[in-house]
Every structure is written in structure tokens, then in C-alpha cells.
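# Chain and residue survey
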Amino acid sequence: MNSGRLIHLLWCFNLYVAFTFIQVSSQNNIYDSKKCVYPAIYNFGDSNSDTGAGYALFTGVKPPNGISFFGSLSGRASDGRLIIDFISEELKLPYLSAYLNSVGSNYRHGANFAVGGASIRPGGYSPINLGIQVSQFVLFKSHSNILFNQLSNNRTDPPFRSGLPRNEDFSKALYTFDIGQNDIAIGLQHTSEEQVKTSIPDILRQFAQAVQVLYNEGARVFWIHNTGPIGCLPYDIIYYQPKNGNLDGNGCVKPHNEIAQEYNRKLKDQVFQLRRKFPLAKFTYVDVYAAKYKLISDAKSLGFVNPLEFCCGSYYGYHINCGKKAIINGTVYGNPCNNPSQHVSWDGIHYSQAANQWIAKQILYGYLSDPPVSVVKACHT
């Protein structure tokens, strides 16, 4: 091959490389441009995502809750951040103020309507079920719009106006859900396992009704968590009477996890139906169950202690809720462990900050979502 031919081929190759680089760079720019810009998050749920409502309502979330991050005013049933907090961080938004917590709240970038003990259907551990949470949102939106418009007409700009959401933000916000666990838990506590299974369609019917109300109010982007492996909660294992073959290899209660999985299958079907019913909306179904069960299965290899151990409170012999203490025969019960970051379970029911952070990393980037989209792109599903 003569030198002229070789130079020509090298020139063509370099041109190809340059053109490919430009294409890839262009695709990356398009990829970046498709990231959603959510002005706000509106969350609905139970104690797994409650950032202060239970504290405001019942003063039930006391230290040592919050010892790893927020301190004594955390309002969270954990030693630190919850999954919803890591969602806020991923979207570069402030942590959500609880709707029912008036002290120090700022609602410019969303609000949290979740309440500890809440269920989808009425009659759960908390009077603030999902239907009431959605009603509170409707009231919140209406009052915010009225107040914001009134303040906009004033010559002066009151300082609290900066803490109000903008009218146009509601349709661009992200609407997150983490609820359903208590519907299963209270059913298992008061009825049979078969009755819990037969209640699932009605639970999801009421869930769909709540979504429809939000859709009618302008909500368009929905991020929906399924429920976790309730049979792996230390509380559930301790108070459940194990029978031969009813515990799996991780020591979790198999029948209870099977109910959670049945609920999740039907929830996923419900989400598909909602997509067909509301084609203008974007729905992402997030398999939190898979993330939590993987964490429990691999806990020791990931640097955690036995996942069935918990850090705060006591259910062995004496039931002492986290945040309370009791001295029995000279022994103090209720003190937290020295290393909450090594525990999957914080208090036997709720996850530790370290566990929540690990779970968040599994679900935020679309690996366990349907469709497989990250939270920063859920508005494009």
C-alpha cells in the first residue's frame, strides 16, 4: 500500500472517530436535556415516609429517633433519613415538610402528607388514611393558590410568600406513594390470611380513587412504591407463631411475604390500568420489595449485622417502643445500640438510615422500576 493511500485511510478513520464522538456527545446532551425538573414533591404514605406528621399529631416520634442525622426534631421513625429524603436529595430539592407540622415548615418545593400508621383504607392504625391525605392535598392546593394570588396583588412582598408553592408547580411536580403495608399488617392482626388476600382488590380500588382525585387536580407524574417484605420485619417474626415450613431461609415469615407479593402483583396490574385510563399521566411502578429483600438476604456480605436484629426498643420479654425506657429487675430497656449504621432494622418495624440509603440506591435509577426509568426521568416514561 502506498503512503498516499495509507494517509487517506488514516484521515478517513480520524474523521469517523470525530464524527462518532460528536454523535455520542450529542446523544449525551439529549440525555441530559431529558432530565425532569420537578419544582416540588408531594408525598403520600405511612411511617416509612412520614417526615413529621406523626410527631406533630401524636408526639410519638421521640429521641433517639434521628440520632444519626436530624437530631431530636427529626419526626422520622428512624435514626436518620428515609427513602423519601434520599429522593429529595437526588432531585436536589429540600427535605419535605410534613403538612401537619406547622413549626418551621416550608412548602415552596412540596409537602409531605404521609402519617405514621396510615393505611389506604379507613380503619387502620392512624385516622389519617390515604383518602384523607388526598383531601388535605386538595385543601392545601386550593388555599395555597388563593393565598399566593392575594399576596401577589399586594405592593409589598410578605416574607412567608417565599414558602408557598407556585400555582403552575402542581402539574409539574412529582407525586410519590409509599403506602399499603399497614393495610396488610392490620388485616393479619385482626383477620385471617385468606381474608387479607380477599381484601386486596378493595384496597387497590381505593388507591385508584385517590390517584384519580390527584389526576383531576392536575397531577401528572406518579412514582409508586410497592410494599416491602412484611414477613421480614423483626416485629412480625417475634409476634408470629412460627410453624414448620413457614419460615424461609432468611428467617422471614413466608405466608406474610406471599401476601405482600400478591398485593404487589395486583398493585402493578392496577398501575397498568391507570396508565390506560390516564394516558396524559406518567406512572412508574417501583419494586421496593425486591430491594428490601435483597438487602435482607445479603445483609452480612454488605456489612450489616443479622437483619432480624434491631437497634432501638425491645420486644423480647418486655415490649418497649423506641423512644421509651423501662428499668426491669435493674436492667434498662429501650437504649439504642451503639452502631445503628450496621443494622438493617432500626426499631423492629422501620429501617435504619443506612438501610434506607442502600435501598434508595437500588430504586432511584430505574433498575427495579416498570418502566425501567430513573426518578429524574420519570416525567418521560
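Refer to the structure above for everything that follows.
Let me sum up the structure you'll find in this document. (Residues numbered from 1 in each chain as written. Predicted model: local features only at pLDDT ≥ 70, side-chain atom pairs only at ≥ 80, totals over all residues. Heavy atoms only, no water.)

## Some points on the pattern of salt bridges
Enumeration over the complete set of coordinates arrives at 11 salt bridges. As a salt-bridge pair, Arg108 and Asp169 come within 2.8 Å of each other at their nearest N and O atoms. Placement of Arg108 in the loop between helix 3 (83-90) and strand 2 (110-112) and of Asp169 in the loop between helix 4 (130-152) and strand 3 (174-178) is noted, with a sequence separation of 61 residues between them. The closest approach of N and O atoms between Arg265 and Glu262, which form a salt bridge, is 2.8 Å. (Salt bridge = Lys/Arg side-chain N within 4 Å of Asp/Glu carboxyl O. Helix = DSSP H or I, 4+ residues; strand = E, 2+ residues; numbered from the N terminus.)

## Description of the state of the cysteines
All chains considered together, the criterion is met by four disulfides. Disulfide partner of Cys232: Cys252, at an S-S distance of 2.1 Å. Here the S-S torsion is close to 110 degrees, and the disulfide linking Cys232 with Cys252 is therefore right-handed. Linking Cys232 in the loop between strand 4 (221-225) and helix 7 (234-239) with Cys252 in the loop between helix 7 and helix 8 (254-277), this pair joins segments that are 20 residues apart in sequence. As far as burial versus exposure is concerned, Cys232 and Cys252 are alike and both buried. The residue that forms a disulfide with Cys311 is Cys337, at a sulfur-sulfur distance of 2.0 Å. Taking the sign of the torsion about the S-S bond as the criterion, the disulfide between Cys311 and Cys337, at about -100 degrees, is left-handed. One end of the pair, Cys311, is in the loop between helix 9 (288-297) and strand 6 (326-328); the other, Cys337, is in the loop between strand 7 (331-333) and helix 10 (353-363), with 26 residues separating them in the sequence. Cys311 sits in the buried class, given a relative accessible area of 5%. Described in terms of the sequence order of its bonded cysteines, the disulfide pattern of the protein is 1-8, 2-3, 4-7, 5-6. (Disulfide = S-S within 2.5 Å. Buried < 20%, exposed > 50% of the residue type's maximum accessible area, 1.4 Å probe, protein only.)

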